[in-house]
Each structure stands twice: as C-alpha cells, then as structure tokens.
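Coordinates in review
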Amino acid sequence: MAQSQLLHIDNFYLPELNRRRTIRIYLPPDYNETNRHYPVIYMHDGQNLFEKATSSFGSIWDVRHLLDDLYHHDERHAYIVVGIDNGGLYRYEEYCPWTSAKGGEYLPHAKKTNRLGGKGFEYLQFLAETLKPYIDTHYQTLTAREHTAMMGSSMGGLISICGGLFHSNVFHKVAALSTAAYFAEEQLIQAIYTSNRSDTLKLYLDVGTNETSDATNLNFPHIYLDSNQHVFDALRQTALPHDQLRFNVIEGGAHHEDDWRKRFIGIVQWLFHE
C-alpha cells in the first residue's frame, strides 16, 4: 500500500518579517506514483498538525492519518498540506493584522508578549507571495485559487478569514475553526465590509459552545459564541453567495485539537467537493 510522506523544511526564511520558521509538508500516498497534481491546504500552527512530539500541548489534529484514511477510502480525495509553524511569542503578532486592546484584556498571557497583533498583513503577504510560489515551483500542485485553501483554529482562524478577505485572488477556500474573533472583532467586521474582495470565497466557520482560552473567565464561551455570530452575520450581508458560506455551532465543542481533529475531514470534503 502506498504511503504518504511528511517533509520538514527547517529555517525557511520569511522575508516579509525577517524571520525563519519550520514548514511541514504532507504529500499524499500516490504522490510518487503518478504525475497527478493536487489541491493545497495551507494551515497555521504547523507543529500541532502531524506529530505529538512537536505539538505545543501534547495533542494534534493528526492530519496525516486522517487524510491517509480518506485517500484509501476514495482516491479522489488527495491533497497536499503545508503547515507553517507558529512563531511562539510572535504568534499573536502574526495571526492578527491589527493591534488588539481586547486581546490583552482577555488573554493576560498574550499581553505579556507585548505583541498583540499588527504583523498579520506581512504574514499573509509571506503566504501569498513567498511560500505559495515556492510550493508551486517545487511540488505537484494545482496552482489556481479554486484549488487553494487556508485553514486554522483560534488565532489561526482569525488570520485565515483575513487571508480570504485580503488575498482572495490566491485563496478561494477558507476554514476558520473556533476563531478568536473577539481578539479584533471590530476591525475584522469592518474589513469584511470594506476589503474590496475581487473574487468570491468558499468559507467555513464554526465555534463550540464550550470554548475558552482562560478557564478563570467564566464568560469566555459567550465571548466566543457572540463574536463568531457577529462575524458570520457580517459575512452573510456581503456579496458572498449563501451556498458558499457555512457556520456551525458545535454543541459541547471545546477549544482543543481533539475537537478540531473530529471536524477536519468533513470540512475538507465540504470545501473541495460540495
């Protein structure tokens, strides 16, 4: 039986940010057996996608095994996944284009980094103008926007929505799970109305009813639910076709890789095949 591959590129240079990062690349089982070209899913928090040894909290999405199982069930479902490691202390800075006062209010640990947003545009520019051209040059990809997705959770969900808004010519499909929309809710909603998207998107959003990023804040589940509902309402009022927009409220859903892993395959199938 053909085996998938997991490759690492260490110290990949981000010229837009003058930083280096590990890039993790999943290649589907038949990659070396065919001239087939594949859709590509760009995912944030790359160290939490594939291997427990590299994960931040000991839990992973387990993307490799999930996609392997999907492929062996139906070979039409074959994808390349490009995981970009987060930058640790730079994560909040890179995953939000705007400086956030709310982020510091709700997340004391983020406030301590003194990097509450502001570099998200540069990070998205890196993805669109440096990383994607590199991947398209070196791997068997379907390069058109219709075959290119961006996906992330929490802060990774926030920057994924922004990727669709500001680089819709590159990323047609977006999945934002358990989005930390509260981190920059006003700016994000304004961007939804004013970003002048040149192309339509296919966009998936979800949020659990038991989301929290600080167990001492008993109101956090409502903060997540309300902010995600507001973002969805704004998207629904734009020119985005309603059959290209999905918002799921996950009963009992928590802010955790175990929950995102359960939803991953269904989201991929909706993005690419419905």
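Each remark here, short or long, concerns the structure printed above.
Conventions and cut-offs
- Residues numbered from 1 in each chain as written.
- Predicted model: local features only at pLDDT ≥ 70, side-chain atom pairs only at ≥ 80, totals over all residues.
- Heavy atoms only, no water.
- Helix = DSSP H or I, 4+ residues; strand = E, 2+ residues; numbered from the N terminus.
- Pairing = 2+ DSSP bridges.
- Axes fitted to C-alpha atoms, helices over the stretch in contact; angles between N-to-C directions.
- Contact = heavy atoms within 4.5 Å.
- 1 Å grid on protein atoms, 1.4 Å probe; cavity = no way out; pocket = protein on both sides within 12 Å on 5 of 7 lines; lining within 4 Å.
- Points joined across faces, edges and corners; volume = space filled by probe spheres on them.
- Nonpolar A, V, L, I, M, F, W, Y, C, P; charged D, E, K, R; others polar.
- Parallel < 35°, antiparallel > 145°, perpendicular 65-115°, else oblique.
- Left-handed = near helix turned anticlockwise from the far one by under 90°.
- Polar contact = N/O pair within 3.5 Å; in protein donor to acceptor, adjacent residues only side chain to side chain.
- Salt bridge = Lys/Arg side-chain N within 4 Å of Asp/Glu carboxyl O.
- Buried < 20%, exposed > 50% of the residue type's maximum accessible area, 1.4 Å probe, protein only.

**Some details on unusual backbone geometry**
Of note, Asn-11 is a non-glycine position whose phi angle comes to about 60°, a positive value. Of note, Asn-11 is situated in strand β1 (residues 5–14).

**Re the sheet that holds strand β4 (residues 80–84)**
Taking strand neighbours across the sheet as the criterion, the eight strands line up as β1-β2-β4-β3-β5-β6-β7-β8 in an open arrangement whose pairing is mixed. Edge positions in the sheet fall to β1 and β8 (245–254), since each of these pairs with one other strand and no more. Averaged over all adjacent pairs, the angle separating strand axes in this sheet is 20°, with direction ignored. Here five bridges tie strand β5 (residues 148–153) to strand β6 (residues 173–177), and the two strands are oriented parallel to one another. Paired with Met-151 across the strands is Ala-175, a residue of β6. Its contacts with the sheet place helix α1 (residues 63–73) against β1, β2 (19–27), β3 (40–43) and β4, and it is angled at close to 25° to β2.

**Observations regarding the layout of surface pockets**
One number sums up the size of the largest pocket: a volume of about 470 Å³. Lining the largest pocket are 25 residues, with Phe-57, Arg-91, Tyr-92, Ser-154 and His-255 sitting closest to its centre. The set of elements that each furnish at least two residues to the lining of the largest pocket consists of α2 (91–94) and α9 (257–273). For the lining of the largest pocket, the residue count by class is 10 nonpolar, 12 polar and three charged.

**Re the packing of helix α6 (residues 155–166) against helix α7 (residues 185–194)**
Where α6 contacts α7, the two axes come as close as 10 Å, and the packing angle between them is 20°. Overall, the two elements α6 and α7 adopt an arrangement that is roughly parallel. Considering how the two elements wind past one another, α6 and α7 form a crossing that is left-handed. Here α6 contributes Leu-158, Ile-161, Cys-162, Leu-165 and Phe-166 to the contact with α7, which in turn contributes Leu-188, Ala-191 and Ile-192. When its residues are assigned to classes, the contact of α6 with α7 shows eight nonpolar, no polar and no charged.

**Some details on the side chain of Asp-74**
Along the polypeptide, Asp-74 turns up in the loop between α1 and β4. Separated by 2.6 Å, the side chains of Asp-74 and Arg-76 make a polar contact.

**Comments concerning the pattern of salt bridges**
All told, the structure shown has 14 salt bridges when counted by the stated rule. Of the charged contacts in the structure, one is a salt bridge between Glu-94 and Arg-19, with a shortest N-O distance of 2.8 Å. Taken together, the positions of Glu-94 in helix α2 and Arg-19 in strand β2 put the pair 75 residues apart, joining distant regions of the chain. There is no split in this pair, since Glu-94 and Arg-19 are both buried. For Arg-236, the salt bridge identified is with Asp-233, shortest N-O distance 2.9 Å. Taken together, the residues Arg-236 and Asp-233, both in helix α8 (residues 220–236) and three residues apart, mark about one turn of the helix. Judged by relative accessible area, which is 39%, Arg-236 ranks as partly exposed. A residue is classified by how much of its surface remains accessible, and Asp-233, at 23% relative accessible area, is partly exposed. Each of Arg-19, Arg-21, Glu-93, Glu-94 and Arg-115 takes part in one network of salt bridges that share partners.

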